[in-house]
Amino acid sequence: MNKKNKSILDESKDIQLAIELIQLGARLQLLESETSLSRDRLVKLYKELRGVSPPKGMLPFSTDWFLTWQPNIHSSLFLGIYKQLEQNTPLEGIQLILKAYKLYLEQLPPEEGEEPVLSLTRAWTLMRFMSSEMLVTAKCKTCKGEFVAQPLMTRQYICGLCDVPSRAGKTQKVIDANQAEKQSKSSS
Amino acid sequence: MNTDEILSEIRDANLQYLLLAQQMIRQDLPTAIYRLGISEKVAQLISSLTTSQTMKLAANVTMLTRFRFDDSTILGMLTHDNKESFQSKAHAAILLASQPVEEFA
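No experiment lies behind these values; they were computed from the predicted model shown.

A.B. asks: An account of the pattern of salt bridges is needed here, citing residue identities and associated values.
C.D. replies: Under the criterion given, the structure shown has seven salt bridges over all chains. Note that Glu20 of chain A is salt-bridged to Lys102 of chain A, the shortest N-O span being 2.4 Å. Note that Glu20 of chain A is positioned in helix α1 (residues 8-23) and Lys102 of chain A in helix α5 (residues 93-107), a separation of 82 residues in sequence. For Lys102 of chain A, a relative accessible area of 34% gives the class partly exposed. Among the ionic pairs, Glu106 of chain A bridges to Arg35 of chain B, the shortest N-O distance being 2.3 Å. One end of the pair, Glu106 of chain A, is in helix α5; the other, Arg35 of chain B, is in helix α2 (residues 29-36), on a second chain. With relative accessibility at 47%, the residue Glu106 of chain A sits in the partly exposed group. For Arg35 of chain B, a relative accessible area of 38% translates into the label partly exposed.

Right, dumping it as structure tokens:
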């Protein structure tokens with residue numbers, strides 16, 4: 001877009017959008033691609049809102065993350081909401097991603113003081129992977145739900161919730177929490 | 001609960017559902033479409049009802065809403081005790097999002 005011809009109204013809409021995106025944790029690459037504000041202005045806005053400079057460096061460019069157990073569940077829920085809104089509402093583009101992301105956060109809110117499992121930037125990256133078909137959706141043959149999957153791996157697909165791997169969700173933090181709970185029970 | 005009481009509870013539930021749906025649709029249409037699982041046209045119809053139309057519709061003694069999980073295997077899976085609450089919650093939400101919305105035939 002020719003920046004000199006940009007109307008004040010359009011610019012104000014872009015700023016509003018950028019504010020919303022930054023508040024939801026968007027990285028600079030997302031902001032640059034979805035608004036027509038200059039990098040300098042975005043950096044400034046980011047600092048004003050968050051009090052720190054935006055994180056530098058490249059976005060993670062790998063589909064692997066979306067295929068691991070817990071991230072896959074979160075991504076699949078986001079994608080399901082996205083597709084339902086895409087089919088049934090007039091929303092599109094970044095507004096569609098934003099609305100789907102907010103509804104996802106409502107369904108699986110992060111624990112207090114924790115970051116959401118699926119960040120807004122990751123959700124946005126997911127949609128780019130989907131549109132370039134680096135990731136696709138697969139229908140679970142047991143529950144018929146739709147899940148994020150690798151291309152060519154969609155036949156006879158069984159989702160991570162119908163067939164929960166034995167170590168699923170057993171991060172060190174969960175193990176510690178369970179042990180602490182047991183100890184407090186046995187001591188009381 | 002006798003039959004009269006059940007019928008009156010059904011009318012109450014119908015009215016509550018319609019009023020809540022109308023409020024949700026007027027507040028934020030896309031969100032309401034997702035949460036209620038209905039198409040945009042159905043949503044517009046519900047929100048355009050006048051008060052007397054809403055009352056008339058709610059006065060039905062059959063439920064206006066339908067259970068959204070209609071597969072017994074899936075329902076069994078979702079309510080299974082062995083699952084952690086995160087898993088059954090996430091699973092139910094994914095399955096509901098994978099379903100088509102209710103539309104006019």
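A.B. asks: I'd like to hear about the environment of Ala97 of chain B, residue by residue, with values.
C.D. replies: Checked against the element boundaries, Ala97 of chain B lands in helix α6 (residues 85-98). Distance from Ala97 of chain B to Leu75 of chain B, taken between C-alpha atoms, is 15 Å for residues 22 residues apart in sequence. Contacts of Ala97 of chain B, omitting those with residues within four sequence positions, involve Gly80, Ile81 and Gln84 of chain A together with Tyr34 of chain B.

A.B. asks: Quick one: what's the story with the domain arrangement of chain A, residue by residue and with numbers?
C.D. replies: Residue and element names in this part refer to chain A. According to the domain assignment, chain A consists of domain 1 (3-50) and domain 2 (64-172). Inter-centroid distance (C-alpha atoms) of domain 1 to domain 2 is 26 Å. At the interface, eleven residues of domain 1 touch ten residues of domain 2. Between domain 1 and domain 2 the total buried area reaches about 920 Å² when both faces are included, carbon and sulfur atoms providing 71% of it. Where domain 1 touches domain 2, the interface holds one salt bridge. At the boundary of domain 1 and domain 2, one finds three residue pairs in polar contact (both at pLDDT 80 or more). Elements represented by at least two residues in the side of domain 1 that touches domain 2 include exactly α1 and α2 (28-34). With four residues, α2 is the largest single contributor of residues to the side of domain 1 that touches domain 2.

A.B. asks: Explain the interface of chain B and chain A to me, and be specific about the residues and the numbers.
C.D. replies: Listed per partner, the contact involves 23 residues of chain B and 30 residues of chain A. Surface buried jointly by chain B and chain A totals about 2,200 Å² across both partners, of which 66% is contributed by carbon and sulfur atoms. On the chain B side of the interface with chain A, the three residues burying the most area are Tyr34, Phe86 and Ile94 of chain B, jointly 28% of the side's total. Linking chain B with chain A are two salt bridges. Where chain B packs against chain A, one counts seven residue pairs in polar contact (both at pLDDT 80 or more). Within the residue set of the side of chain B that touches chain A, elements represented by two or more residues are α2, α5 (72-79) and α6 of chain B. When its residues are assigned to classes, the side of chain B that touches chain A shows 13 nonpolar, five polar and five charged.

A.B. asks: Can you tell me about a negative patch on the surface, naming the residues and giving the values?
C.D. replies: Residue and element names in this part refer to chain B. Residues Asp4, Glu5, Glu9 and Asp12 make up a contiguous surface patch of negative charge. Looking at the element boundaries, Asp12 is found in helix α1 (residues 3-27). A residue is classified by how much of its surface remains accessible, and Asp12, at 43% relative accessible area, is partly exposed.

A.B. asks: Mind laying out the environment of Ile81 of chain A, listing which residues take part and the relevant values?
C.D. replies: Along the chain, Ile81 of chain A turns up in helix α4 (residues 69-88). It is 20 Å that separates the C-alpha atoms of Ile81 of chain A and Trp65 of chain A, two residues lying 16 residues apart in sequence. If we skip the residues at most four places from it in the chain, Ile81 of chain A touches Ala100, Leu103, Tyr104 and Gln107 of chain A together with Tyr34 and Ala97 of chain B.

A.B. asks: So what's going on with the pairing of strand β1 (residues 136-139) of chain A? Residues and values would help.
C.D. replies: Residues and elements named next belong to chain A. Judged by which residues are buried, β1 turns out to be one-sided: Val136 and Ala138 face inward and are buried, whereas Thr137 and Lys139, on the alternate face, are not. In the sheet, β1 pairs with strand β2 (residues 146-149) via four bridges, with the strands oriented antiparallel. Paired with Val136 across the strands is Ala149, a residue of β2. The turn joining β1 and β2, which pair antiparallel and follow one another in sequence, is formed by six residues; a positive phi near 65 degrees is taken by Lys144.

A.B. asks: Can you break down the environment of Leu49 of chain A residue by residue, with the values?
C.D. replies: Residue and element names in this part refer to chain A. Looking at where Leu49 falls in the secondary structure, it is placed in helix α3 (residues 39-50). Taking the relative accessible area as the measure of exposure, Leu49 reaches 35% and is therefore partly exposed. Apart from residues no more than four positions distant in its own chain, Leu49 is found in contact with Ile19, Ile22 and Gln23.

Scoring rules and cut-offs
- Residues numbered from 1 in each chain as written.
- Chains lettered and ligands numbered in written order.
- Predicted model: local features only at pLDDT ≥ 70, side-chain atom pairs only at ≥ 80, totals over all residues.
- Heavy atoms only, no water.
- Salt bridge = Lys/Arg side-chain N within 4 Å of Asp/Glu carboxyl O.
- Helix = DSSP H or I, 4+ residues; strand = E, 2+ residues; numbered from the N terminus.
- Buried < 20%, exposed > 50% of the residue type's maximum accessible area, 1.4 Å probe, protein only.
- Contact = heavy atoms within 4.5 Å.
- Domains from an automatic or database assignment.
- Buried area = accessible area lost by both parts, 1.4 Å probe.
- Polar contact = N/O pair within 3.5 Å; in protein donor to acceptor, adjacent residues only side chain to side chain.
- Nonpolar A, V, L, I, M, F, W, Y, C, P; charged D, E, K, R; others polar.
- Patch = residues over 30% accessible without salt bridge, like charges linked within 9 Å, V, L, I, M, F, W, Y side chains within 5 Å.
- Areas by Shrake-Rupley, 256 points an atom, 1.4 Å probe, with all protein chains shown as cover.
- Lys, Arg positive; Asp, Glu negative; His and termini not counted.
- Charge placed at Lys NZ, Arg CZ, Asp CG, Glu CD.
- Pairing = 2+ DSSP bridges.

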